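What follows is the residue order along each chain.
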Amino acid sequence: MAELVKGLHIVDGVKGDDSDVNVVAIVEDDRSAHIVDCGDPGSGEQILGYLQKHVRDPPKIRTLVLTHFDADHSGSAAELKRMTGCTIMAPEFDAEIISGRRFTNEEMRRVLPAYAPGEIEALERKIESQEIPTVPVDRVLRGDERLDFAGGVRVLRVPGHTPGHIVLLVPRLSTLITGDVVTAPDGRVGPPMPQYTPSPDRAIKSLKSLAGLEFEILVAYHFPPITEGGSRALKGYLRTLGK
Ligand SMILES: [Zn+2]
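Procedures and definitions
- Residues numbered from 1 in each chain as written.
- Predicted model: local features only at pLDDT ≥ 70, side-chain atom pairs only at ≥ 80, totals over all residues.
- Pairing = 2+ DSSP bridges.
- Helix = DSSP H or I, 4+ residues; strand = E, 2+ residues; numbered from the N terminus.
- Axes fitted to C-alpha atoms, helices over the stretch in contact; angles between N-to-C directions.
- Contact = placed C-beta atoms within 7 Å.
- Core = buried A, V, L, I, M, F, W, Y, C linked by C-beta atoms within 7 Å.
- Buried ≥ 20, exposed ≤ 12 C-beta atoms within 10 Å, placed from the backbone.
- Parallel < 35°, antiparallel > 145°, perpendicular 65-115°, else oblique.
- Nonpolar A, V, L, I, M, F, W, Y, C, P; charged D, E, K, R; others polar.
- Right-handed = clockwise from strand over helix to strand, strands pointing away.

Colleague: How do you make sense of the sheet that holds strand S8 (residues 87-91) when you look at a structure like this?
Modeller: Hydrogen bonds between backbone groups are what pair the strands of a sheet, and the pairing can be parallel or antiparallel. Ordered by their spatial adjacency, seven strands build an open sheet running S1-S2-S5-S6-S7-S8-S9, and the pairing between neighbours is mixed. The sheet is open, and its two borders are formed by strand S1 (2-5) and strand S9 (139-141), each paired with just one other strand. Going across the sheet, the axis of each strand differs from the next one's by a mean of 25 degrees, ignoring polarity. Relative to strand S6 (residues 32-36), strand S5 (residues 24-27) is paired through four bridges, and the arrangement is antiparallel. The residue of S6 that forms the bridge with Val27 is Ala33. With respect to the sheet, helix H3 (residues 77-84) is in contact with strand S7 (60-65) and S8, its orientation differing from that of S7 by roughly 150 degrees.

Colleague: Sorry if this is basic, but what is going on with the nonpolar core here?
Modeller: It is characteristic of soluble globular proteins that their nonpolar side chains tend to be buried jointly. Within the largest apolar cluster, 60 residues are counted, with the highest numbers of intra-cluster contacts made by Val23, Ile35, Leu64, Ile88, Ile98, Leu168 and Leu218. Among the elements that make up this core, the one with the highest residue count is strand S12 (residues 166-170) (five residues).

Colleague: I would appreciate a short explanation of the packing of helix H1 (residues 44-54) against H3 in the present structure.
Modeller: If you want to describe how two helices pack, look at the angle between their axes and the distance between the axes. Direction vectors running N to C along H1 and H3 enclose 50 degrees, while the axes themselves pass 9 Å from each other. With respect to their mutual orientation, H1 and H3 come out oblique. In this structure, H1 uses Gly44, Ile47 and Leu48 to contact H3, whose residues at the interface are Glu79, Leu80 and Met83. For the contact of H1 with H3, the residue count by class is four nonpolar, one polar and one charged.

Colleague: I would appreciate a short explanation of unusual backbone geometry in the present structure.
Modeller: Across the chain, the bulk of peptide bonds are trans and the bulk of non-glycine residues have phi less than zero. Notably, Asp17 is not glycine yet its phi reads approximately 50 degrees, a positive angle. Here Asp17 is to be found in the loop between strand S3 (15-16) and strand S4 (19-20). Residue class for Asp17 comes out partly exposed when judged on the 14 C-beta atoms lying within 10 Å of it. If you check the backbone angles, Arg31 has positive phi at about 65 degrees while not being a glycine. In this structure, Arg31 sits in the loop between S5 and S6. Residue Arg31 is classed as partly exposed on the basis of its 13 C-beta neighbours within 10 Å.

Colleague: I would appreciate a short explanation of the sheet that holds strand S13 (residues 175-179) in the present structure.
Modeller: Pairing is mixed across the open sheet formed by five strands, whose spatial order is S10-S11-S12-S13-S14. Sheet topology places strand S10 (146-147) and strand S14 (217-220) at the edges, where each strand pairs with a single neighbour. Across four bridges, the pairing between S13 and S14 is parallel. Each residue of the ladder has a partner; that of Thr175, found in S14, is Ile217.

Colleague: I would appreciate a short explanation of the environment of Val24 in the present structure.
Modeller: Relative to the helices and strands, Val24 resides in strand S5. Linking Val24 and Ile177, residues 153 residues apart in sequence, is a C-alpha distance of 8.2 Å.

Colleague: Just to check I follow, could you spell out the pairing of S14 for this structure?
Modeller: For a regular strand, the rule is simple: side chains alternate between the two faces of the sheet. Alternating residues of S14 divide into Ile217 and Val219 and Leu218 and Ala220, and every residue in both groups is buried. Crossover handedness for the path S13 to helix H7 (residues 200-208) to S14: right-handed.

Colleague: Is there a simple way to think about the environment of Pro117 in this case?
Modeller: Here Pro117 lies in helix H6 (residues 117-128). Residues Pro117 and Asn105, spaced twelve residues apart in sequence, show a C-alpha to C-alpha distance of 9.4 Å.

Colleague: Even after reading the chapter, I still don't get the environment of Asn22, so can you show me in this structure?
Modeller: Tracing the chain through its elements places Asn22 in the loop between S4 and S5. By C-beta crowding, Asn22 is classed as buried, having 24 other C-beta atoms within 10 Å. Along the backbone, Asn22 and Ser129 are 107 residues apart, and their C-alpha atoms lie at a distance of 23 Å. Look past the residues within four positions of Asn22 in its chain and what remains in contact with it is Ile10, Val219, Tyr221 and Pro225.

So this is what it looks like as structure tokens:
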């Protein structure tokens, strides 16, 4: 798929759970690159190879931002760290899972006091059902910060698919990178995939908090990017939900 607009790349050929996914590379003029999510284990070579092939003066990967803990997003984080020394960032709660911590049911209820027992159980099943590769997270994000690349990237917390899930708004590129908080079949926006979302009501409530954002491009992880009218497509979906 390559370069959507100048500096915004979708890295070809990366798989997540064995199907195509949208690993984003933001490439800056100073030859630094910042990656958002990184596919199944073994994707590191593909990501570096893409930059070498498609970007003149291949850039150095400085940052890897993980939107959430799922293994198809975090799978090659350890190898990218080894290969490039990049700074790994991930949101609160999810960062602990990515760093290898496992919570008991009691601990989980303590760290997520607003969650109903059913949500906690669904979350436990989600974590247990996958092999999440372990890598230390260098910077834990709270979901209200501005990252210092690409002219300033806004981090927004959108819990529901996982407790810490973040999305990234890149105003300079008029782009929202959504991870798994929405689906985007046929250029339309829809709810996150129910079978992988332990807190669907929380996810919908979170999505409503994005209603005021303006952007052209919407990159969901598992669907072709929406390259025009991204915020219009999101608002269109939110309107179907009512209040
Ligand atoms: Zn996910």
